[in-house]
Amino acid sequence: METVCHVITKLELGGAQEVALHLVSHLDPSKYRPVLVAGPGGLLNEDAKAIQGLEVVILSWLGRPVHLFGDLAALLQLIILFRRLQPTIVHTHSSKAGILGRWAAWFAGVPIILHTIHGFGITPDQSPAVRWLFTWLERITGWITTHWIAVAQTDIDRGRRWGFFEKNVSLIRPGIDPQPFELWSDPRNRQAIRCEFGAGPDHWLVGTVACLKPQKAPEKFLAVAKNVCDRLSQARFVLIGDGELRQLVESLISRYGLEGRVCLAGWRRDVPASMKSMDAFVLTSRWEGLPRVILEARATGLPIVAADVGGVRESMQTHPSGMVVNDGDVEAFSASLVQLYHQSCESPGNVRQRADSLPREFRIDHMVQQYETLYGELLEGRRKEMRAQALGLSR
C-alpha cells in the first residue's frame, strides 16, 4: 500500500479544497493510504477529520499569507512530517502549499512529487516585481516536480509560455457530483429559501457563491446588482459566502442603497438547495482555474453570466444558457442579466433548463478515475526505474 500525502494551505469552502477532500476520501483503500496536510482555521477541517480511513495533519505554521519566518517553519514541519510518514507520493494543491510542499518533499527524498494547478498564484493585482518573483519560484520548483495537473487547458498554455513545464502535465477537470443539483426540489422549500434571501414569488433572484476575497471581486457583483436593480424593480440579489472583504461588501450595500435588494447570506452548507432558489447565476471573478461553481450552476439548470477568466469558457462549453463577458465589465454583466430577465419573461423554458447534462469530463467519479490512473502510471514508472537500477548494480 502506497502512502499519498495531499497538502493544501487552508481547508476553506472552495473548489481546490473540495477536490482534495473528495480525492483523498475516494482513493482505492486497497492501494493507497491517504494523508491530508493542511493549515489551521479551515471551515472544512472537521469534515476532513470525520472521513473514515483518512489521517489529517494540521500544521500550525502552514498559513496562506507570505511570512518569511512562518514559511520557513512550515517548510521544516513538512520535511519532518514527510520523513516520518515516508510517502511514495506528495500531491500539493494551491500555490503556497505547492511551493512549500514540493520543496519539503524533495528535501525529504519523496520519489513522486505532484502539483495540481487550481489557477496560478500569479495574479493581475500583483506588482510586476511580485509577479516576477512568483514566476521564478514556480519555474525553479518545476525542476523538482515529477508531474503537473491542470484543471483548465488555459493554465497548461500559460504554464508552457512561462516555462514551468513541457510534457509532464495532464489535464484533469475538477469534477462535481451533479446529482444533488439535478434532484427535484420541493417548491415550498425553494420558496422558503427565497424568502430568507429577501425574494418573493414575483421577484427575479440572481445569485453567486463565492469567498469574499479579491479574486472573486464581490465589489463588481454589487456594482452589477446596483445597475440591474436600477433597471428592474423585480430584481433581487444574493451573495452566498464570507471572507476578508465582508466589511467592504456591507459598506457598498449601504452606499448603493441596496438594503432589501441584496442579501449577504454568509456561508451555507445547503448550496444545491440555495442554487435551486435562484433564477440566474453570476460569477465576477478576476481570475480562476476552472470554477466548479459554474458546473454546479449548470447542473442546476441556471442561466449564467460569467467573467471570461481562466477556464470559464471551457466550463461553459455546450451550456445552452451561458454568457461570457469581459472581466470587470459591469455594463456587459448588467446588460446580459437584463437580457436574460426579458427572455425569462417571454419564454422561461428556453432560459432556465431543467438540468444541463454535464459532459463526463466534468463529473467527479471520472476525476478520481483519472487521478488513480495517473498515480498508477507514475508508480509503475518508478518500479521500472528501480528494477533497472537493481539490474545495473547486479552486473
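Structure report, in brief. These figures come from a predicted structure and were not determined experimentally.

## Let's talk about the sheet that holds strand β3 (residues 55-58)
Strand-to-strand pairing in sheets goes through backbone hydrogen bonds, with the strands running parallel or antiparallel.
Phase 1: The seven strands lie next to each other as β3-β2-β1-β4-β5-β6-β7, forming an open sheet whose pairing is parallel. Edge positions in the open sheet fall to β3 and β7 (169-171), since each of these has one partner strand only. Across the sheet, the mean angle separating the axes of adjacent strands is 20 degrees when strand polarity is ignored.
Phase 2: Across the face of the sheet, helix α4 (residues 95-107) comes into contact with β1 (2-7), β4 (89-93), β5 (112-117) and β6 (147-150) while running at roughly 160 degrees to β4.

## Notes on the pattern of salt bridges
Phase 1: Under the definition given, this model contains 24 salt bridges.
Phase 2: One salt bridge connects D155 with R158, and the closest N-O pair in it is separated by 2.8 Å. Placement of the pair is D155 and R158 together in helix α6 (residues 153-161), with a separation of three residues, close to one helical turn.
Phase 3: When its relative accessible area of 0% is taken as the criterion, D155 is described as buried.
Phase 4: The exposure class of R158 is partly exposed, given its relative accessible area of 21%.
Phase 5: A salt bridge links R194 to D279; the nearest nitrogen and oxygen atoms lie 2.9 Å apart.

## As for the sheet that holds strand β9 (residues 235-240)
Phase 1: Strand order in this open sheet of six strands is β10-β9-β8-β11-β12-β13, and the pairing throughout is parallel. Every interior strand has two partners, whereas the edge strands, β10 (262-266) and β13 (322-325), have only one. Sheet twist, expressed as the average angle between the axes of neighbouring strands with direction ignored, equals 20 degrees.
Phase 2: In this structure, strand β8 (residues 204-209) lies alongside strand β11 (residues 280-283), joined through two bridges in parallel fashion. Residue pairing in the sheet places V206 in a bridge with A280 of β11.
Phase 3: Against the sheet, helix α10 (residues 246-255) engages β9 and β10, with an angle of about 160 degrees to β10.

## Examining the packing of helix α3 (residues 68-85) against α4
Phase 1: At a closest axis distance of 8 Å, the pairing of α3 and α4 adopts a crossing angle of 45 degrees. Of the possible angle classes, the one that applies to α3 and α4 is oblique. You can see that α3 and α4 cross each other, and the crossing is right-handed. Contact residues: α3 offers D71, A74, L75, L78, I79, F82 and R83, while α4 offers K96, L100, G101, W103, A104, A105 and F107.
Phase 2: For the contact of α3 with α4, the residue count by class is ten nonpolar, one polar and three charged.

## Here we look at unusual backbone geometry
Phase 1: For S94, which is not glycine, the phi dihedral falls at a positive 75 degrees.
Phase 2: Following the sequence through the fold, S94 ends up in the loop between β4 and α4.
Phase 3: Classification of S94 by relative accessible area gives partly exposed; the value is 21%.

## Looking at helix α5 (residues 128-142)
Phase 1: The end-to-end C-alpha distance of α5 is 21 Å, a good match for the 21 Å that 15 residues give at a rise of 1.5 Å each.
Phase 2: When we look at burial in α5, the residues that qualify are T135, E138, I140, T141 and G142.
Phase 3: Residues of α5 that are buried make contact with α4 and β6.

## Points about the packing of aromatic side chains
Phase 1: Per the counting criterion, the structure on display carries 14 aromatic pairs.
Phase 2: A ring pair is formed by Y32 and Y375, whose centres lie 5.7 Å apart and whose planes are at 70 degrees; its orientation type is edge-to-face. Here Y375 lies in helix α16 (residues 364-394) and Y32 lies in strand β2 (residues 32-38), a separation of 343 residues in the sequence. Grouping residues by exposure puts Y32 and Y375 together as buried.
Phase 3: Pairing W103 with F107 gives two aromatic rings, centres 6.2 Å apart and planes at 40 degrees, and the pair type is tilted. Note that W103 and F107 are positioned in helix α4 at a spacing of four residues, about one turn of the helix.
Phase 4: Residue F107 is classed as partly exposed on the basis of its relative accessible area of 42%.
Phase 5: Of the aromatic side chains, those joined through ring pairs into one cluster are F120, W148, W162, F164 and F165.
Phase 6: Lying across the ring of W148, R102 places its NZ or CZ 4.8 Å from the centre.

How each quantity is defined
- Residues numbered from 1 in each chain as written.
- Predicted model: local features only at pLDDT ≥ 70, side-chain atom pairs only at ≥ 80, totals over all residues.
- Heavy atoms only, no water.
- Pairing = 2+ DSSP bridges.
- Helix = DSSP H or I, 4+ residues; strand = E, 2+ residues; numbered from the N terminus.
- Axes fitted to C-alpha atoms, helices over the stretch in contact; angles between N-to-C directions.
- Contact = heavy atoms within 4.5 Å.
- Salt bridge = Lys/Arg side-chain N within 4 Å of Asp/Glu carboxyl O.
- Buried < 20%, exposed > 50% of the residue type's maximum accessible area, 1.4 Å probe, protein only.
- Parallel < 35°, antiparallel > 145°, perpendicular 65-115°, else oblique.
- Left-handed = near helix turned anticlockwise from the far one by under 90°.
- Nonpolar A, V, L, I, M, F, W, Y, C, P; charged D, E, K, R; others polar.
- Expected span 1.5 Å × (residues − 1).
- Phe/Tyr/Trp six-rings, centres within 6.5 Å; stacked < 30°, edge-to-face > 60°.
- Lys NZ or Arg CZ within 6 Å of the ring centre and 35° of its normal.

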